[in-house]
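Residue strings, one per chain:
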Amino acid sequence: MAGAGFESLERCLEKHLPLADLQEVKRILYGKETRKLDLPSRAFEAASKGDFELQGYAFQAVAEQQRRPRTVRMGLVQNRTPPPRGHPVVKQITALHRRIEAIVEVAAMCGVNIICFQEAWTMPFAFCTREKLPWTEFAESAEDGPTTKFCQELARKHDMVVVSPILERDTEHGDILWNTAMVISNSGAILGKTRKNHIPRVGDFNESTYYMEGNLGHPVFQTQFGRIAVNICYGRHHPLNWLMYSINGAEVIFNPSATIGALSESLWPIEARNAAIANHCFTCAINRVGEEFFPNEFTSGDGKKAHRDFGYFYGSSYVAAPDGSRTPGLSRNRDGLLVTELDLNLCRQVNDIWGFKGRSQEMEFTVLKSMNVLSRTGKNLRSYPMCKLMS
Ligand SMILES: NC(=O)NCCC(=O)O
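This one's a predicted model, so the numbers in the text were calculated from it and none came from an experiment.

Colleague: Talk me through the pairing of strand β12 (residues 252–257); I want residue IDs and the actual numbers.
Modeller: Of all 6 residues making up β12, 6 are buried, and the element is well covered by its neighbours. Residues V252, F254 and P256 point to one face of β12 and I253, N255 and S257 to the other, with burial holding for every one of them. The pairing of strand β11 (residues 226–230) with β12 spans 3 bridges and is parallel. Its bridge partner lying in β12, A229 is registered against I253. For the crossover from β11 across helix α6 (residues 239–247) to β12, the handedness is right-handed. Where β12 meets strand β13 (residues 282–287), 6 bridges bridge the pair, whose relative direction is parallel. Counted as the bridge partner of V252 is F282 from β13.

Colleague: Summarise the nonpolar core; cite the residues concerned and give the values.
Modeller: In this structure, I228, V252, F254, F282 and L342 are the most contacted members of the largest nonpolar core, which totals 32 residues. Beyond its immediate chain neighbours, meaning those up to four positions away, I228 contacts I114, V161, V163, V183, P219, V220, F221, T223, A250, V252 and F254. Within the second largest apolar cluster, 31 residues are counted, among which are F52, A58, V104 and L154.

Conventions and cut-offs
- Residues numbered from 1 in each chain as written.
- Predicted model: local features only at pLDDT ≥ 70, side-chain atom pairs only at ≥ 80, totals over all residues.
- Heavy atoms only, no water.
- Buried < 20%, exposed > 50% of the residue type's maximum accessible area, 1.4 Å probe, protein only.
- Helix = DSSP H or I, 4+ residues; strand = E, 2+ residues; numbered from the N terminus.
- Pairing = 2+ DSSP bridges.
- Right-handed = clockwise from strand over helix to strand, strands pointing away.
- Core = buried A, V, L, I, M, F, W, Y, C linked by side-chain atoms within 4.5 Å.
- Contact = heavy atoms within 4.5 Å.

This is the structure we're talking about:
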């Protein structure tokens, strides 16, 4: 399995294919070509100085007569997590705050309106170890922990909506842990939170040892720049999860993740892209980068030798559009910022062409009725979270 030596699928294709073949391959694998964004040179300079990659693309929609274009810019951030050995928890969190602060500065130069970080971005992905301390000490209050305060500052300073996935400690309710994404308005106010609702029990992703399945349904957040939802990592394997966010009104669904090459890299380009097509929305897939080593050896329960590393987090963050087009991925081996410009009008335009969403809703109605979840009048008997729109 390739590690850092294999930079990206795109670089490989570009290096080895003749131009005419490359164009056909890209047409099939990436759909309608996205336009390269003309980002400011000082943004590229700052990215180069900060040693992270910067790429920008725009998706097009057709001009309508009755609606103005609803053009917004998204920022996706992927990054390495510094090696945990020996450093106190607070020092590690602070180091990540500084790293993200620098990347968000560049996002602001690029006119980003909504930015999303990777899953559990303030910590190493230590769930493979099955050890509790010090890892559970990375959990914070979602409402007034230091990371949320830090993100509120960023949001205010840059007039940017911030989606911040963290390990949450719910001190109000029994001190339990959740895998949560905070959604912070560009005013700095907290819009709300969403919790990971499917938890992996696969390979070294021993996450059910730490936190519970989310209990907040499929909330959608009305921001100044469109309606957004967050489907955290493993949730991307569940088509009904994307569907619920979309039926609840999401125009953009973020998928902050932490996943490794041996497990999921062949699924990665398909799943978020398919979800964008099936649900007539934009999807933003974000993965962390690099290797993480832990102080104590652990086994993977597969008869193989104990080891201290998780595997290779392959980055490759990308955005997919409802018409099936997608951006190239960020690299597999560097921190990066992907800036995309979307016209949200494309969601309805594609819905009108293909019409999957009406079918899905009809289908859901039929399924719920057959499960005796709906009454004969269509009233939902289990108060299924159909339309929870937060503002
Ligand atoms: N973080 C997480 O849910 N990872 C599970 C592996 C995967 O979904 O690819």
